Amino acid sequence: MKKGIILLGSSNSSGDTQKLVAFIADKTKYPLVDLKTKHILPFDYEFQNQHDDFIPLMRDIVNEYDLIIFATPVYWYMMSGIMKTFFDRISDCLKIEKATGRKLRGMEMAVVSCGYDQVLKDGFYMPFIETANYLGMKYSGSVHGWIEDGKMPTEIEQRLMEFIENIQK
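Everything in this summary refers to the structure shown in the same document. (Residues numbered from 1 in each chain as written. Predicted model: local features only at pLDDT ≥ 70, side-chain atom pairs only at ≥ 80, totals over all residues. Heavy atoms only, no water.)

## Digging into the overall build of the protein
Helix and strand counts for the protein come out as seven helices and five strands. Across the protein, helices and strands are ordered from the amino to the carboxyl terminus as β-α-β-α-β-α-α-α-β-α-β-α. The C-alpha atoms of the protein give a radius of gyration of 15 Å, which matches the 15 Å a tight globule of 169 residues would have. Seen through its C-alpha atoms, the protein measures out along the principal axes to roughly 45 × 35 × 30 Å. When each of the 169 residues of the protein is scored for burial, the buried share is 48%. For the protein, restricting intrachain contacts to residue pairs at least 6 apart in sequence, the fraction spanning at least 24 positions comes to 78%. Surface accessibility of the protein: about 9000 Å² in total, with carbon and sulfur atoms responsible for 50%. (Helix = DSSP H or I, 4+ residues; strand = E, 2+ residues; numbered from the N terminus. Rg over C-alpha atoms; globule rule 2.2 N^0.38 Å. Buried < 20%, exposed > 50% of the residue type's maximum accessible area, 1.4 Å probe, protein only. Contact = heavy atoms within 4.5 Å. Areas by Shrake-Rupley, 256 points an atom, 1.4 Å probe, with all protein chains shown as cover.)

Right under this line is the structure:
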């Protein structure tokens, strides 16, 4: 069985996206890392942000796991700002932390999105898919869900179970 990790990139640590990934974490036993609790600075071309939490987290990920599940709410038709900052910082793994970056090759990536709209606009997953392609990772799929009246609809539980089955193949 694959060893996976879930990275939650939401401004609300106990919001709807967290509810979806808590379900996945419970079923898979994958650890859940809340990026909001990490000190991750924006990318900068001078690489003056090397003493934050990004590099240690990435080293742990590439050395311990074969699958990364990125979980993000849909904010203004795209991934959250926290998740975008994390993705921007992957550039560090191509420029100054190359040994870590090389270990991304061959890993798998999947995405969980959460929002009020039941259908996402075309192109939402493109940054994830193209990042996986660029880094030599396998894009293993995605699932979109939502919460109604504070609860997860049965339809979403079923989608999440299918997603779990797919990523564990």
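## Comments concerning helix 1 (residues 16–28)
Taking 1.5 Å per residue as the helical rise, helix 1 with its 13 residues ought to reach 18 Å, and the 19 Å between its terminal C-alpha atoms agrees with that figure. Where helix 1 is concerned, the buried positions are T17, L20, V21, F23, I24, A25 and T28. After helix 1 finishes, the residue K29 shows a positive phi value of roughly 70°. (Expected span 1.5 Å × (residues − 1).)

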